[in-house]
Amino acid sequence: VDEWERLGLEKRIDYENLRRVFDRLDEKKDNRIDKDELQAAYDALGHKPRKLTEYGLSEVEDIIWEVDEDANGWIDWENFVQLYLRCRKDRTGREPTRLFNLIEFMVCDKDGGGTMSEDECMEILYHRFGKEVMKDVIDKLFKRKLDEAEKEFTYTEFLKLVDGNNGILSAHLRKAAKQAQ
């Protein structure tokens, strides 16, 4: 059995994408992601996580705490993949998505340039929200003039779409979560 199958991933390409993102985040090459490495990734994307959350931690520390199943203070490969799988399968809206959002963005930002294309963004939205939601919102989100180039989304713009609490699609997330109950 290949590692991607052992981990529970459906496709080898998912494994390759996750490995690429994990390796990009793991700047120290010690096979784990700590708060400094996660903060550096956010800095590179121009995203400013909160310095202090309601739990007395920085948002970066809070994100690690959400994912760190063995409570060692960092995210290892297994934690990383398991979070991804839980979030991909979640229909209740209860899984923590802050790291998942970063992973999905970085999967699409293959060159590390800090943006994803409109098509890549639509693909993520389609997988998360389904065909019906995409029909409702596609014109509002991706409308442009015929002579305009395809939009490139920064991480912050992507978060404005997908954030479960106050993103543009948050009402659709809440509706889907109620239907899943």
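As a reminder, the structure under discussion sits directly above these lines.
This one's a predicted model, so the numbers in the text were calculated from it and none came from an experiment.

**Q** Looking at this model, I keep getting lost on the packing of aromatic side chains. Mind explaining?
**A** The description of an aromatic ring pair uses the distance of the two centres, along with the angle that the planes make with each other. Going through the model one piece at a time under the given rule, you end up with eight aromatic pairs. An angle of 70° between the planes, with centres 5.1 Å apart, marks the rings of F22 and F80 as edge-to-face. Taken together, the residues span a long stretch of sequence, with F22 in helix α2 (residues 12-25) and F80 in helix α5 (residues 77-89) at a distance of 58 residues. You'll find F22 and F80 in the same group, each marked buried. Measuring from ring centre to ring centre gives 6.0 Å for Y42 and Y155, while their planes differ by 45°; the resulting arrangement is tilted.

**Q** Got a minute to help me understand the pattern of salt bridges in this structure?
**A** Side chains bearing opposite charge may pair, as long as their charged atoms lie close to each other. All chains considered together, the criterion is met by 17 salt bridges. The closest approach of N and O atoms between R12 and D2, which form a salt bridge, is 2.9 Å. Here R12 is found in helix α2, whereas its partner D2 is found in the segment before α1 (3-6), with ten residues between them in sequence. The exposure class of D2 is partly exposed, given its relative accessible area of 34%. Put simply, D62 and R98 hold a salt bridge, and the shortest N to O gap is 2.7 Å. Here the residue D62 occupies a position in helix α4 (residues 59-67), and R98 occupies one in helix α6 (residues 98-108), the gap between them amounting to 36 residues. Taken as a pair, D62 and R98 share a single burial class, namely buried. Taken together, the shared-partner salt bridges in this structure form one network comprising R50, E54, E59, D62, E66 and R98.

Definitions and cut-offs
- Along each chain, numbering runs from 1 in the same order as the chain's sequence is written.
- Since the coordinates come from a predicted model, pLDDT governs what is reported: local features require at least 70, and pairs of side-chain atoms require 80 or more to be given and counted, while whole-chain, interface and lining totals use all residues.
- As a rule here, side-chain values come from all non-hydrogen atoms in the structure, and water together with hydrogens is ignored.
- For Phe, Tyr and Trp, rings pair up if their centres lie within 6.5 Å, where Trp contributes its six-membered ring, and each pair is then called stacked (planes under 30 degrees apart), edge-to-face (over 60) or tilted (otherwise).
- Helix numbering and strand numbering both begin at the N terminus, where a helix is a DSSP run of H or I of at least 4 residues and a strand a DSSP run of E of at least 2.
- Here's how the labels work: a residue is buried when its accessible area is under 20% of the maximum for its type, exposed when over 50%, partly exposed in between, all with a 1.4 Å probe on protein chains only.
- By convention in these notes, a salt bridge is any Lys or Arg side-chain nitrogen within 4 Å of a carboxyl oxygen on Asp or Glu.

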